[in-house]
Amino acid sequence: MGASFENSMQISEEIRSAWQIITRNKVRSFLTMLGITIGVTAVIIVMSVGAGAQSLILNQVTSMGSNLIGVLPGQSEEKGPPASVFGIVITTLKNEDGKKVMARGYEHLVAYSGYVRGVDTVTWGENKTDTQFVGVGAELPDVEDTKVESGRFFSDDEDRSLARVAVLGSEVADELFEDQNPLGKRVKIKKTNFTVIGVMRKRGVSGFQNQDNQIFVPITTAQKLLLGIDHVNFMRFKVDSGENVDDSMEFIREILREQHDISKPVDDDFTVQSMAQGLEVLSTITNALRIFLVAVAGISLAVGGIGIMNIMLAAVQERTREIGLRKALGAKNKHIVEQFLVETMMITFIAGIFGVIIGSLIAYIVANIARSMGYDWDLVITASSIIIGCVVSVGIGLLFGIIPARRASRLDPIEALRYE
Amino acid sequence: MTFISVKKLTKVYKTEDVETPVLHGLDFEIKKGEFISIMGPSGSGKSTLMHILGFLDTPTSGKYTFEKKDVSKLSDDELAEMRSLKVGFVFQSFNLLPRATALENVALPLLYVRSGSNKRTLRAKQLLESVGLGHRLDFTPGQLSGGEKQRVAIARALVNEPDVIFADEPTGNLDSKSGHQVMEILQDLNDEGHTVILVTHEKYTAEHAKRILQIKDGLIEKDIVVNNRHNAKNGGELRK
């Protein structure tokens, strides 16, 4: 028989006896494994949900269209998010600014809308629903590439004349009116009555929000009557085709600088971004989040590893006599190291398997929940994440098992045999 | 033929700044096939001597030659290899793995030499049968009597076909009947040609051997040839 074959006979014996030891004290083994299981679970979830979220971002790009330009108040770093993302209200951007851009008649800009948002309880008689009301311009269906299902959208004139008219998202219409026809009915938002003139087509989730659970009202009406402001939260321009986006962005910047009396780009009090850039910012944020979560998972794994090291050090102490006996019977130091390393790695490997299973299960549930909420979410559990989970857990066993194993191997056989 | 040779062997235990001399310079030889008792009161150094002879410990000075090989200065791993291939131990407190079966306990030393698992099991089974425990293969130590445990331990000591069997107070934890059985096996093994080194503080047990090395305070007090040794087979009667 070849030496390597005989060596493997030994390893199989070590695995068998490690398995016996692990199954002998199930509660202790379970508690020992917990930290690693949680860590690996976290790794799998982060990798899978992270990939799912990224696929969601990509799906969003295609659903919203890439030929949109957004303008946000306040300056921002090249790829970082503008200040308004962090909840800082900047009031420098007005609806008039956008209208003046359009008034220049730049050929590639086909539609424009300013946006203001608020949240309130909308009532119709006894029926109520909490929803978001959005003040927008008359060109919104064009900007967002959507249509009115029944009735009509409001006109520019209605906007200018502070008309109290509303167009409901399909979900709001269902909730408030159930099977009745909402057209012509009067709903109350912030104590102001609005006449329903239209219901939007069902759109699902897009741009990271449920597009069916909102009410559109004319932007000027929203600013004056509902919010008491004269700035906009952001504005969107639609470009005729994707290749003209860059030129259009530059054009918008120029006009806005003119409006705001700004001579140098560094002094810009607004941020012009294409949809693609906006998504880039989003993925920067999600990536940062992923790194953070991976770090948390890593800490959990390290803590789990330290816990295992602790338990194994105790096990070495507990089995001092056994170690002494094995050495007296001819075990070399490497045999003892092997025995304890195999045991530790087996514990972490089993823990890792549990982590992979639980993590995949949670990722599967998250994907199902996301889908049931209308998000276009791909379930991504890659072979690489499973392999990484297993390799990492075995690696942790190796890393944190080596100290107890070496301590065991260094025991003096005579002392160890005397140990009570 | 000289098998084991010990010259000016000393052992000093050092802890921090206290030195405790245990063996003060021993000289003796053991021939192949001998049955020798190392006898002495507790604290005489007989256990330390056995540990050195059994490759569990190294002498502080002096020379220990085993089969013409100087083993005084071997490394840990070389000592482990000597333990694995050359000697078998029988301990007072049996030292069996409590959760392993008799068969697994006997096969344990084979784990550390190159041996396939089928061969291991077969060999362990043969040895258990030879000590009269063929019907106890799957019993764990807890299910065995003291005498049976010690017989398992003897089978384990034999599994690597050692040149020397060390028995450290093998009857110390046994009733007299089991003690006789164990001594009988040791005498039989010696009759078959094995070298047996017995460590004991009891004169009666020591007198089962053919020669007694009497140790006191780390020195050889007497080196006696036993003419009328006890024969365990006859219930401890003196052998004619």
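Residues numbered from 1 in each chain as written. Chains lettered and ligands numbered in written order. Predicted model: local features only at pLDDT ≥ 70, side-chain atom pairs only at ≥ 80, totals over all residues. Heavy atoms only, no water.

## Digging into the overall build of chain A
Across its full length, chain A holds 13 helices and 12 strands. Computed over C-alpha atoms, the radius of gyration of chain A comes to 32 Å, more than 25% over the 22 Å expected from 2.2 N^0.38 for 420 residues, which places it beyond the range of a compact globule. Projected onto its principal axes, the C-alpha positions of chain A cover 100 × 55 × 40 Å. A total of 420 residues make up chain A; the buried ones form 48% of that total. In chain A, once contacts between residues fewer than 6 apart in sequence are set aside, the share between residues at least 24 apart is 77%. Here chain A displays about 19,900 Å² of accessible surface, and carbon together with sulfur accounts for 58% of that area. Charged side chains of chain A number 41 positive and 48 negative; the gap between the two group centres comes to 9 Å. (Helix = DSSP H or I, 4+ residues; strand = E, 2+ residues; numbered from the N terminus. Rg over C-alpha atoms; globule rule 2.2 N^0.38 Å. Buried < 20%, exposed > 50% of the residue type's maximum accessible area, 1.4 Å probe, protein only. Contact = heavy atoms within 4.5 Å. Areas by Shrake-Rupley, 256 points an atom, 1.4 Å probe, with all protein chains shown as cover. Lys, Arg positive; Asp, Glu negative; His and termini not counted. Charge placed at Lys NZ, Arg CZ, Asp CG, Glu CD.)

## What to know about the packing of helix α4 (residues 117–130) of chain B against helix α5 (residues 146–158) of chain B
Residues and elements named next belong to chain B. Relative to each other, α4 and α5 sit at 135°, their axes nearing to 9 Å. If you check the angle between α4 and α5, you find them oblique. Relative to α5, α4 is oriented so that their crossing is right-handed. For the pair formed by α4 and α5, the contact residues are R123, L127 and L128 on the first element and V152, A155 and L158 on the second. (Axes fitted to C-alpha atoms, helices over the stretch in contact; angles between N-to-C directions. Parallel < 35°, antiparallel > 145°, perpendicular 65-115°, else oblique. Left-handed = near helix turned anticlockwise from the far one by under 90°.)

## Topic: the sheet that holds strand β7 (residues 164–168) of chain B
Residues and elements named next belong to chain B. The sheet built from 6 strands is open, its strands ordered β6-β7-β8-β3-β9-β10 with mixed pairing. One side of each edge strand has no neighbouring strand; the edge strands of this open sheet are β6 (87–90) and β10 (219–225). Sheet twist, expressed as the average angle between the axes of neighbouring strands with direction ignored, equals 20°. Relative to β7, β6 is paired through 4 bridges, and the arrangement is parallel. For F89, the partnering residue across the bridge sits in β7 and is F166. (Pairing = 2+ DSSP bridges.)

## Some points on the pattern of salt bridges
All names here are of chain A. Scanning the entire structure with this criterion turns up 30 salt bridges over all chains. A salt bridge links R257 to D268; its shortest N-O distance comes to 2.8 Å. Remark: D268 occurs in the loop between α8 (245–259) and β12 (270–274) and R257 occurs in helix α8; sequence separation between them is 11 residues. Classification of R257 by relative accessible area gives buried; the value is 12%. Among the charged side chains, a salt-bridge network with shared partners connects K99, D156, D157, D159 and R160. (Salt bridge = Lys/Arg side-chain N within 4 Å of Asp/Glu carboxyl O.)

## Details of unusual backbone geometry
The backbone of K190 of chain A shows a phi angle near 50°, a positive value even though the residue is not glycine. Tracing the sequence through the fold places K190 of chain A in the loop between β6 (186–189) and β7 (192–200). Relative accessible area serves as the criterion here: at 38%, K190 of chain A is assigned to the partly exposed category. Despite not being glycine, E16 of chain B shows a phi value in the positive range, around 50°. Structurally, the position occupied by E16 of chain B is in the loop between β1 (2–15) and β2 (18–31). Its relative accessible area of 87% is what places E16 of chain B among the exposed residues.

## Section: the interface of chain B and chain A
Interfaces are often sized by the amount of accessible area the parts lose when they come together. Listed per partner, the contact involves 25 residues of chain B and 26 residues of chain A. For the pair chain B and chain A, the summed buried surface comes to about 2,400 Å²; carbon and sulfur atoms form 59% of the total. Measuring nitrogen to oxygen at the nearest pair gives 2.6 Å for the salt bridge that ties K332 of chain A to E81 of chain B. For the pair chain B and chain A, the number of links is 5 residue pairs in polar contact (both at pLDDT 80 or more). When contributions to the side of chain B that touches chain A are tallied by element, the ones reaching two or more residues are α2 (76–86) and α4 of chain B. Tallying contributions element by element places α2 of chain B first for the side of chain B that touches chain A, with 6 residues. Class assignment of the residues belonging to the side of chain B that touches chain A gives a composition of 9 nonpolar, 6 polar and 10 charged. (Buried area = accessible area lost by both parts, 1.4 Å probe. Polar contact = N/O pair within 3.5 Å; in protein donor to acceptor, adjacent residues only side chain to side chain. Nonpolar A, V, L, I, M, F, W, Y, C, P; charged D, E, K, R; others polar.)

## Topic: the nonpolar core
A general trend in soluble globular proteins is that nonpolar side chains are found buried together. The biggest cluster of nonpolar side chains holds 72 residues, and the ones touching the most others in it are I4, L49, L53, Y64 and F66 of chain B. Contacts of Y64 of chain B, omitting those with residues within four sequence positions, involve I4, S5, V6, L9, I52, L53, F55, K69, D70, V71 and S72 of chain B. By size, the runner-up hydrophobic cluster in this structure holds 39 residues, among which are V116, I215, M249 and V272 of chain A. (Core = buried A, V, L, I, M, F, W, Y, C linked by side-chain atoms within 4.5 Å.)

## Structural notes on a nonpolar patch on the surface
Taken together, the side chains of L361, Y364, I365, I369, M373, L379, I381 and I386 of chain A make up a nonpolar region of the molecular surface, amounting to roughly 700 Å² of accessible area. Considering the arrangement of structural elements, one finds M373 of chain A in the loop between α11 (333–372) and α12 (383–409). (Patch = residues over 30% accessible without salt bridge, like charges linked within 9 Å, V, L, I, M, F, W, Y side chains within 5 Å.)

## With respect to the packing of aromatic side chains
Residues and elements named next belong to chain A. Summed over all chains, the structure comprises 11 aromatic pairs over all chains. Ring centres 4.5 Å apart and planes at 15° place the aromatic pair Y115 and F234 in the stacked group. Of this pair, Y115 sits in strand β2 (residues 109–124) while F234 sits in strand β11 (residues 234–239), and the two are 119 residues apart along the sequence. Both residues of the pair, Y115 and F234, belong to the buried class. Aromatic pair F153 and F216: ring centres 6.0 Å apart, planes at 55°, arrangement tilted. (Phe/Tyr/Trp six-rings, centres within 6.5 Å; stacked < 30°, edge-to-face > 60°.)

## Some words on the domain arrangement of chain A
As assigned here, chain A comprises domain 1 (7–61 + 282–418) and domain 2 (91–268). For domain 1 of chain A versus domain 2 of chain A, the separation of C-alpha centres amounts to 52 Å. (Domains from an automatic or database assignment.)

## Section: the side chain of T41 of chain A
Residue and element names in this part refer to chain A. One can find T41 in helix α2 (residues 26–64). Looking at T41, the relative accessible area reads 9%, which means it is buried. A polar atom in the side chain of T41 sits 2.6 Å from the backbone oxygen of T37. Not counting chain neighbours up to four residues away, the residues in contact with T41 comprise G355, I358, G359 and I362.

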